[in-house]
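Working through the structure, step by step
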Amino acid sequence: KINLVLAAPANCYYVDIIEVLPVCAIEYPNPDPNDPHAYLMYQGSGFSECIEWEDMNFYLSGTKNILLTQLRPAGKLLISYDIIEEIFGGSWYMHAIEDISYGTPVSRPPGGSEDL
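Residues numbered from 1 in each chain as written. Predicted model: local features only at pLDDT ≥ 70, side-chain atom pairs only at ≥ 80, totals over all residues. Heavy atoms only, no water.

Regarding the overall build of the protein chain
The condition is simple: Put simply, DSSP H or I for four residues or longer makes a helix, DSSP E for two residues or longer makes a strand, and each gets a number counted from the N terminus. Relative accessible area decides the class of each residue, using a 1.4 Å probe on protein chains only: under 20% of the type maximum gives buried, over 50% gives exposed, and in between gives partly exposed. Whether two residues are in contact is decided by their heavy atoms, any of which lying within 4.5 Å being enough. We get accessible surface area from the Shrake-Rupley algorithm with a probe of 1.4 Å; when it comes to residues, only the shown protein chains can shield them.
Secondary structure summary: the protein chain contains 2 helices and 5 strands in total. Across the protein chain, helices and strands are ordered from the amino to the carboxyl terminus as α-β-β-β-α-β-β. Burial status across the protein chain gives 30% buried among its 116 residues. Intrachain contacts of the protein chain at a sequence separation of at least 6 include 63% that bridge at least 24 residues. Put simply, the protein chain shows about 7,600 Å² of open surface, and 55% of that area lies on carbon and sulfur atoms.

See the structure below:
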């Protein structure tokens, strides 16, 4: 779902690519003390087959916020990232974001990519 929301600009390529160090949910606590979610990205313990849609929307919004505002270098657009699950002690886990890269988009002239 996040990839669909963060579509790359059409007909462009990236220059001045910057790779950002991986981040983990525990690095981004929820700033709202009245909200039951401890972190902006998903974390949990034990095993649950289903996450409530309200929780999924919260974590989607938090992950987008981290990628698009907190990590993004000025003047750069998000190119790619991987979300993984880190497991601690066999029963406590959280999401982490790895292979994060941003770059400056450059538009191709019309017909430019077909001529290569």
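There is more to say, and it comes next.
Quick notes on the nonpolar core
Short version of the rule: Definition used in this section: a nonpolar core is a set of buried Ala, Val, Leu, Ile, Met, Phe, Trp, Tyr and Cys residues joined via side-chain atoms within 4.5 Å.
Counting 21 residues, the largest nonpolar core has Ile66, Leu67, Leu71, Ile97 and Ile100 as the members making the most contacts within it. The set of elements that each furnish at least two residues to this core consists of strand E2 (23-24), helix H2 (53-70), strand E4 (77-88) and strand E5 (92-107). With residues near it in sequence (within four places) discarded, isoleucine 100 still touches Ile18, Glu19, Val20, Leu21, Val23, Leu67, Leu71, Leu78, Ser80 and Tyr81.

Side note on the side chain of histidine 37
To keep things clear, this is the line we draw: What qualifies as a polar contact is a pair of N or O atoms within 3.5 Å, subject to a donor-acceptor requirement within protein and to the restriction that residues adjacent in sequence count only when both atoms come from side chains.
Structurally, histidine 37 can be placed in the loop between E2 and strand E3 (43-45). At a separation of 2.7 Å, a polar atom in the side chain of histidine 37 contacts the side chain of aspartate 55.

Some remarks on unusual backbone geometry
At aspartate 16, a position not held by glycine, the phi torsion is positive, near 50 degrees. Its place among the elements puts aspartate 16 in strand E1 (residues 12-20). Overall, aspartate 16 belongs to the exposed group, its relative accessible area being 55%. A positive phi angle, close to 50 degrees, is found at aspartate 99, a residue other than glycine.

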